[in-house]
Amino acid sequence: MRHELLIDGFVITSDNSAAIGEKQQDVVYAPDAITAKFAARVALLEQWAAGSEAQAILLHNFSGADRWDVYMHGIVNLFAEAETPVPPVSGSSETNMPTLQSGIAVTMIGKQQRTQPPAESLQWFVYGVPLVGEDVLAKADQVANLAAIKKAFESELIERVWPVGSKGIAHEVELLMGKSKGFSTVPDVDSSAGPATCVLIGVLPSNRGRVQDYFKEQLFPIEFQ
């Protein structure tokens, strides 16, 4: 389990951003649509990490009513990138109090659809490169592609996916395995992956060659010691 909440077969995931956007006092400037897209990206990947697919989305907009459509554009763009239909979206905007900084949260509700083999039974890889800040946009070709992941699930090429966040690959491997475990891989294991620019991918050992051919140069094997 990563950060999802499980209730009667429903899977709830969420991600948020604060002081990132287009307001004058934001700490980090970024187009609001991009901010929404990457918040939705993390929530969607956590759905996939739980073996589920998003069935509904709640958008929490703290940036003003005029930002709702822009945030929605980012969410729609994310699902288009993943080549997946956009689930129904509802939510709320803060309209009573003007805010000096941007704020957004995206919550997804899904249903479990895939079995989750034990992590120890799979061969694991890092797909994509840890990136943060301006590098997320400047090096977009190094970001794990959601459509490629989705197609790999549909073709039963991969069994599991696990997003890497701001604490880096080493932290996520420990969460995945449920314990600290020595390993080596090419990307920097301690660098932040920001909005899940890279992910851990688990495959059956028999599919090791096929998955390397499929993801090509952005795939790095994890060798446990």
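Residues numbered from 1 in each chain as written. Predicted model: local features only at pLDDT ≥ 70, side-chain atom pairs only at ≥ 80, totals over all residues. Heavy atoms only, no water.

Asks: What's the story with the packing of helix α1 (residues 32–49) against helix α2 (residues 68–81) in this structure? I'm lost.
Replies: To describe two helices that pack against each other, one gives the angle between their axes and the distance between the axes. One way to put it is that α1 packs onto α2 with a least axis distance of 7 Å and a crossing angle of 50°. The pairing of α1 with α2 is recorded here as oblique in orientation. Our pair here, α1 against α2, has a crossing hand that is right-handed. On α2, the residues that touch Asp 32, Ala 33, Ala 36, Lys 37, Ala 40, Arg 41 and Leu 44 of α1 are Val 70, Tyr 71, His 73, Gly 74, Ile 75, Asn 77, Leu 78, Phe 79 and Glu 81. Its residues assigned to classes, the contact of α1 with α2 comprises nine nonpolar, three polar and four charged. (Axes fitted to C-alpha atoms, helices over the stretch in contact; angles between N-to-C directions. Helix = DSSP H or I, 4+ residues; strand = E, 2+ residues; numbered from the N terminus. Parallel < 35°, antiparallel > 145°, perpendicular 65-115°, else oblique. Left-handed = near helix turned anticlockwise from the far one by under 90°. Contact = heavy atoms within 4.5 Å. Nonpolar A, V, L, I, M, F, W, Y, C, P; charged D, E, K, R; others polar.)

Asks: Is there a simple way to think about the sheet that holds strand β8 (residues 123–127) in this case?
Replies: Two modes of strand pairing occur in sheets, parallel and antiparallel, and in both the strands are linked by backbone hydrogen bonds. As summarised here, the arrangement of the four strands in space is β9-β11-β8-β12, forming an open sheet in which the pairing is antiparallel. In the strand order of this sheet, the two ends are held by β9 (160–163) and β12 (219–221), each with one partner. Here the strands of the sheet are splayed against their neighbours by 30° on average, with no regard to which way each runs. Against the sheet, helix α4 (residues 146–154) contacts β8, β9 and β11 (199–203), and its axis sits at roughly 155° relative to β9. The sheet strands contacting helix α6 (residues 208–215) are β8, β11 and β12, and the helix crosses β8 at an angle near 10°. (Pairing = 2+ DSSP bridges.)

Asks: Which parts of the structure should I look at to understand unusual backbone geometry?
Replies: Note: most peptide bonds trans; most residues except glycine with negative phi. One non-glycine residue with positive phi stands out, namely Asp 8, at about 50°. Examined against the element boundaries, Asp 8 turns out to sit in the loop between β1 (5–7) and β2 (10–18). Of note in the backbone geometry, Ala 196 takes a positive phi value of approximately 60° without being a glycine. The residue Ala 196 is located in the loop between β10 (183–184) and β11 in this model. According to the relative accessible area criterion, Ala 196 is buried, its value standing at 2%. (Buried < 20%, exposed > 50% of the residue type's maximum accessible area, 1.4 Å probe, protein only.)

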